[in-house]
Amino acid sequence: MSARRSLEGQVAVVTGAARGVGELLARKLSARGARVALVGLEPDALKEVSERLHTDSAHWHADVTDHEAMAKVAQEVKQRFGKVDIVVANAGVAAGGPFEDSDPEAWRRVIEVNLIGGAVTARAFLPVLAESRGYFLQIASLAAITPAPMMSAYCASKSGVEAFAHCLRAEVGHKGVRVGVGYLSWTDTDMVRGADQNDVMRELRGRLPWPANRTYPLGPAVDRIVAGIERRSPHVYAQWWLRGMQGVRGYLPGIIATVGQREMRRFEPRLAGVSKGLVGAGGVADEQERSRHA
């Protein structure tokens, strides 16, 4: 395991920083001395977060799927702080429900924000990370390790960003840029609480085997992410047991397919009531942003 590096004076960029993992991560990085650039779709919320940080910070209103906007953000962050040492591609949205009946626009948007947004963020900031020999952390999920019925868009997007980050690590390592993947199980955020508002999704999650059926507190999860950033770790696990999932992931698709058929049969009469849009406050913010530009 690599030794921890001091974050004092380093410059960290966090996308999806208005709430949840992104907000608390920005606060904890700042508490350790990092200067922080916040990126997201909610300028008022970002401003409030920025004003509460312990160190120099600034915020940018940008859609992570917009390459021109993110390239401009990268340029302005470099001008504002002089360098960029850490970039955390955290922005994400989710939608649940059966794929066959899913809203095509919501399904596509999950892929765009979670997968394309991560790649756009990396493309925009790689030049400045190469200058500082910095660290790019792509936030993925337990959903990258194991498939789950009713979560096809989210699982596809998180599997995609995991693979993207692994490829990127091999491409840019010789330039001194380190790349990590962050894995989180169900963590107490607006996204998870939003998904739990639907009875079917909440009950399905409750029927998962322990320890995947729990909602985990946000603070300890983010502490683990911060420790991973300090070590420039290739893999960062927000819950202790996720590391062990790597060793059994090859068996999971077959198990999930068998168990999932039983569960879908059980819940089929109630599936029509599952919401088809993006979930949580972050999903609402994303939909409002797109409606303004429609």
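Computed from a predicted structure; not experimentally measured. Position numbers for residues start from 1 in each chain and track the written sequence from start to end. Totals for whole chains, interfaces and linings use every residue, but because this is a predicted model, local features are given only for residues with pLDDT of at least 70 and side-chain atom pairs only at 80 or more, for both listing and counting. Side-chain numbers come from the whole structure's heavy atoms, not from hydrogens or water.

Under the scheme used here, helices are H or I runs from DSSP no shorter than 4 residues and strands are E runs no shorter than 2 residues, and both carry numbers assigned from the N terminus. In terms of helices and strands, the protein carries 11 helices and 7 strands. Taking 294 residues into account, the globule formula puts the C-alpha radius of gyration at 19 Å, and the protein, at 18 Å, falls close to it. We call a residue buried when its accessible area falls under 20% of the maximum for its residue type, exposed when it is over 50%, and partly exposed in between, using a 1.4 Å probe and counting protein chains only. The burial tally for the protein puts 53% of its 294 residues in the buried class. By definition, residues are in contact when any of their heavy atoms lie within 4.5 Å. Considering only contacts within the protein whose residues lie at least 6 apart along the sequence, 71% involve residues at least 24 apart. Computed with a 1.4 Å probe, the accessible areas rest on the Shrake-Rupley method; for each residue, only the protein chains presented here act as cover. A total of about 13400 Å² of accessible surface is found on the protein, and carbon and sulfur atoms cover 52% of it. With C-alpha atoms as the basis for the radius of gyration, the globule rule is written as 2.2 Å multiplied by the number of residues raised to the power 0.38.

This part takes up the pairing of strand S1 (residues 11–15). Counting buried positions over the 5 residues of S1 gives 5, a clear majority of the element. Judged by which residues are buried, S1 turns out to be covered on both faces: Val11, Val13 and Thr15 on one side and Ala12 and Val14 on the other are all buried. Here S1 runs beside strand S2 (residues 35–40); their pairing, made up of 5 bridges, is parallel. Residue pairing across strands places threonine 15 opposite valine 39, the latter belonging to S2. For two strands to pair, DSSP has to find at least two bridges joining them.

On to the pattern of salt bridges. Any two side chains of opposite charge can pair, given that their charged atoms come close. We define a salt bridge as a contact between a side-chain nitrogen of Lys or Arg and a carboxyl oxygen of Asp or Glu at a distance within 4 Å. Scanning the entire structure with this criterion turns up 23 salt bridges. For the salt bridge of arginine 80 with aspartate 56, the shortest nitrogen-to-oxygen distance reads 2.7 Å. With a gap of 24 residues between them, arginine 80 in helix H3 (residues 67–81) and aspartate 56 in the loop between helix H2 (43–52) and strand S3 (57–61) connect regions that are remote in the sequence. According to the relative accessible area criterion, arginine 80 is partly exposed, its value standing at 37%. A network of salt bridges, in which partner residues are shared, links Arg19, Glu42, Asp188, Asp190 and Arg193.

With respect to topology, 7 strands assemble into an open sheet ordered S3-S2-S1-S4-S5-S6-S7, the strand pairing being parallel. Each edge of the open sheet is held by one strand with a lone partner, namely S3 and strand S7 (235–237). Within this sheet the neighbouring strands show an average axis-to-axis angle of 15 degrees, counted without direction. Sheet topology note: the strand S5 (residues 135–139)/strand S6 (residues 178–183) ladder contains 5 bridges and is parallel. Across the sheet, residue phenylalanine 136 finds its bridge partner in S6, namely valine 179. Here an angle of 0 to 180 degrees is reported between the N-to-C directions of two axes, which are lines fitted to C-alpha atoms, with helices fitted over the stretch in contact. Relative to the sheet, H3 contacts S1, S2 and S3, its axis offset from that of S3 by approximately 165 degrees. Against the sheet, helix H8 (residues 218–231) contacts strand S4 (86–89), S5, S6 and S7, and its axis sits at roughly 150 degrees relative to S5.

Turning next to unusual backbone geometry. Most peptide bonds take the trans configuration, and most residues that are not glycine carry a negative phi. Along the chain, tryptophan 210 connects to proline 211 via a cis peptide bond; the corresponding omega equals 10 degrees. Positive phi, close to 55 degrees, is recorded for arginine 133, a residue that is not glycine. By relative accessible area, which is 54% here, arginine 133 ends up exposed. A positive phi angle is found at arginine 232, which is not glycine, with a value near 55 degrees. Along the chain, the position of arginine 232 falls in the loop between H8 and S7.

As a further point, take the packing of aromatic side chains. Stacked, edge-to-face and tilted labels apply to pairs of Phe, Tyr and Trp rings (six-membered ring for Trp) whose centres lie within 6.5 Å, assigned for plane angles under 30 degrees, over 60, and everything in between, in that order. For the structure shown, the criterion picks out 3 aromatic pairs. Aromatic pair tyrosine 216 and tryptophan 241: ring centres 6.2 Å apart, planes at 40 degrees, arrangement tilted. One end of the pair, tyrosine 216, is in the loop between helix H7 (199–206) and H8; the other, tryptophan 241, is in the loop between S7 and helix H9 (242–245), and 25 residues separate them in sequence. Exposure class is identical for tyrosine 216 and tryptophan 241. Each is buried. Charge over a ring is defined by NZ of Lys or CZ of Arg lying within 6 Å of the ring centre and within 35 degrees of the ring normal. The ring of phenylalanine 81 has arginine 80 sitting right over it, with the charged end atom 4.7 Å from the ring centre.

Below, the discussion takes up the packing of H7 against helix H10 (residues 252–267). It is the contact of H7 with H10, at a shortest axis distance of 12 Å, that shows an interaxial angle of 145 degrees. Considering only the axes of H7 and H10, their crossing is right-handed. In this structure, H7 contributes Val200, Glu203 and Leu204 to the contact, and H10 contributes Glu263, Met264 and Phe267. Each residue is assigned to one of three groups, with Ala, Val, Leu, Ile, Met, Phe, Trp, Tyr, Cys and Pro labelled nonpolar, Asp, Glu, Lys and Arg labelled charged, and all others, Gly among them, labelled polar. The residue makeup of the contact of H7 with H10, split by class, is 4 nonpolar, no polar and 2 charged. Note: crossing handedness is left-handed where the near helix turns anticlockwise from the far helix by less than a right angle, and right-handed where it turns clockwise.

Right, let's get into the nonpolar core. Ranked by size, the top nonpolar core spans 67 residues in total, and within it Val13, Trp60, Met70, Val77, Val84, Phe125 and Phe136 carry the most contacts. Per-element tally for this core: the top contributor is helix H4 (residues 104–132), with 10 residues. The contact partners of phenylalanine 136, leaving out residues within four places of it in the chain, are Val87, Ala89, Gly118, Thr121, Ala122, Leu129, Phe164, Leu168, Arg178, Val179 and Gly180. With 31 residues, the next largest nonpolar core counts Val21, Leu38, Ile139 and Val236 among its residues. Definition used in this section: a nonpolar core is a set of buried Ala, Val, Leu, Ile, Met, Phe, Trp, Tyr and Cys residues joined via side-chain atoms within 4.5 Å.

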